[in-house]
Amino acid sequence: MFAFGATDRVEIFGALAFQRRIDADRRPVLDGNQPMDYPINDGWQTGFGDITVGAKFNVLSQATNNGVAFAVRAAVKAPSASFDDGLGTGKPDFLIDGVLSKEINSKVDIAGYGGLLFRGSPDDYELSHGLRYGFGFGWPSRGSLKMFGEATGEFYFDNTINFSGTPNAALGGPSSSWEVGQPFGVFLGVQYQAPKGFYVGTGLSWGINTVQRGSVQGYDDNSGDRIGLQVRLGYHPGVRYW
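Remember, it's a predicted structure, so these values are computed and weren't measured experimentally. (Residues numbered from 1 in each chain as written. Predicted model: local features only at pLDDT ≥ 70, side-chain atom pairs only at ≥ 80, totals over all residues. Heavy atoms only, no water.)

(A) Up close: the pattern of salt bridges. Enumeration according to the criterion identifies 10 salt bridges in this entry. One salt bridge in this structure joins Arg-142 and Glu-103, with 2.8 Å as the shortest N-O distance. Taken together, the positions of Arg-142 in the loop between strand E10 (130–139) and strand E11 (145–156) and Glu-103 in strand E7 (residues 93–104) put the pair 39 residues apart, joining distant regions of the chain. A relative accessible area of 28% means that Arg-142 is categorised as partly exposed. The network of salt bridges with common partners includes Arg-20, Asp-50, Lys-77 and Asp-93. (Salt bridge = Lys/Arg side-chain N within 4 Å of Asp/Glu carboxyl O. Helix = DSSP H or I, 4+ residues; strand = E, 2+ residues; numbered from the N terminus. Buried < 20%, exposed > 50% of the residue type's maximum accessible area, 1.4 Å probe, protein only.)

Here it is in structure tokens:
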């Protein structure tokens, strides 16, 4: 991950999912089908993820006595993850968000965003666009070592995925259409940022709306279904104090 100020109002940013590891356990696929963004159907897969690049335009700044900061953010997902391995859709996505943030008493950062995600559909699939949203905090806001938390989700405009291809007989699917749940999850972690801008962080995610595999006939192991581990490496030069 990286970000830098191109001007006093424009920030350029990017993120690379260097390693993505997913276990879907869809045997047979017909019992569970596939999620919206990861049409995986054959157990553990590991590989290079997608690349996201974008820009954020600052409309209001707390540094200029506006009380809060507001920005418009736009980005594109470059489909570098393998569709054949189920690590991505293989098609580009586009998003645009409004971001509202504030630092409270020079101690805590809070932020929230809402926006639209326009999702590209791979061959034989019809995926849905959606309304993204999220909230987060960081404490202490001006410390080199901080704790941060996030809650993110999406409302799909259509909960149904349509498939027009030929089902994999060996795996029993996918079916011609199926419904997917609205994703919502939380994340809690810690991050260290060096004086020159480089940072490293790690934390655990919890998929609140993730369906446990024990609900699918033939599976009785629920361990780790909702838990994810993230490691973040990046660079951000920081912001000026006021």
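(B) Expanded view of the environment of Leu-100. With respect to the helices, strands and loops of the structure, Leu-100 is situated in strand E7. Measuring from C-alpha to C-alpha, the distance between Leu-100 and Phe-135 comes to 9.5 Å, with 35 residues separating the pair along the chain. In contact with Leu-100, not counting residues within four places along its chain, are Val-68, Ala-69, Phe-70, Ile-110, Ala-111 and Gly-112. (Contact = heavy atoms within 4.5 Å.)

(C) Representation of the pairing of strand E15 (residues 198–207). As defined by bridge partners, strand E14 (residues 184–193) adjoins E15 across 9 bridges and the pair is classed as antiparallel. Across the sheet, residue Leu-188 finds its bridge partner in E15, namely Leu-204. Adjacent in sequence and paired antiparallel, E14 and E15 are bridged by 4 residues, among which Gly-197 carries a positive phi angle near 110°. (Pairing = 2+ DSSP bridges.)

(D) Inspection of the sheet that holds strand E9 (residues 125–126) at higher detail. Ordered in space as E9-E12-E13, the 3 strands form an open sheet in which the pairing is antiparallel. The open sheet has two edge strands, E9 and strand E13 (177–179), and neither has a second partner. Note: strand E12 (residues 160–163) against E13, 3 bridges, orientation antiparallel. Across the sheet, Asn-162 pairs through a bridge with Ser-177, a residue of E13.

The quantities given are spatial measurements derived from coordinates; they are silent on function.
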